[in-house]
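Descriptive analysis of the structure
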Amino acid sequence: MLAFVPSKDTETIAMEFNGKATQEDLEKFDKVTQEKFGEKGGFNVYLVVHDFDGASAKAMFEEVKIDVKRWSQYNKLAVVSDKSLLGAMAQFAGYLPGVQAKHFDLDEMETAWEWIKN
């Protein structure tokens, strides 16, 4: 389940996640992104993952659609978790054009905020 949490930066969408990613989670993310930044405004993502049980097939398809539509808007992606797989995913995202991505351990939440705001 995806939950939006208060952000410490006006250019950043802050979220927490537990469980299995669903199509509804990604549609909710896209709706909030559209409302806050429109089709052209750049933004960051601060994501704390407490537990990740994978993603449904529909969610993976929805993620691809959203990424294609919004990839040029992403500036920074901070993934905070204790899962090494998520760290690898964040590192992979960093290789995509125009996106800076970094993984932080759960005890580095404030460090992640400092990185994303600077």
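Residues numbered from 1 in each chain as written. Predicted model: local features only at pLDDT ≥ 70, side-chain atom pairs only at ≥ 80, totals over all residues. Heavy atoms only, no water.

**Thoughts on the overall build of the protein**
Scanning the protein from terminus to terminus reveals 4 helices and 5 strands. Buried residues in the protein amount to 42% of all 118 residues. Considering only contacts in the protein between residues 6 or more positions apart, those separated by 24 or more positions represent 74%. Roughly 6,700 Å² of accessible area belongs to the protein as shown, and the carbon and sulfur atoms make up 58% of that amount. (Helix = DSSP H or I, 4+ residues; strand = E, 2+ residues; numbered from the N terminus. Buried < 20%, exposed > 50% of the residue type's maximum accessible area, 1.4 Å probe, protein only. Contact = heavy atoms within 4.5 Å. Areas by Shrake-Rupley, 256 points an atom, 1.4 Å probe, with all protein chains shown as cover.)

**Here's the deal with a negative patch on the surface**
Together, D51, D53, D82, D105 and D107 make up a region of like negative charge exposed at the surface. Tracing the backbone shows D105 in the loop between β5 (100-104) and α4 (109-117). Classification of D105 by relative accessible area gives partly exposed; the value is 40%. (Patch = residues over 30% accessible without salt bridge, like charges linked within 9 Å, V, L, I, M, F, W, Y side chains within 5 Å. Salt bridge = Lys/Arg side-chain N within 4 Å of Asp/Glu carboxyl O. Lys, Arg positive; Asp, Glu negative; His and termini not counted. Charge placed at Lys NZ, Arg CZ, Asp CG, Glu CD.)

**What about the confidence of the model for the protein?**
Across the protein, the average pLDDT comes to 81, with 72% of residues at 70 or higher. The secondary-structure element of the protein with the lowest mean pLDDT is helix α3 (residues 84-93), recorded at 57, while α4 shows the highest, at 96. (pLDDT = per-residue confidence, 0-100.)

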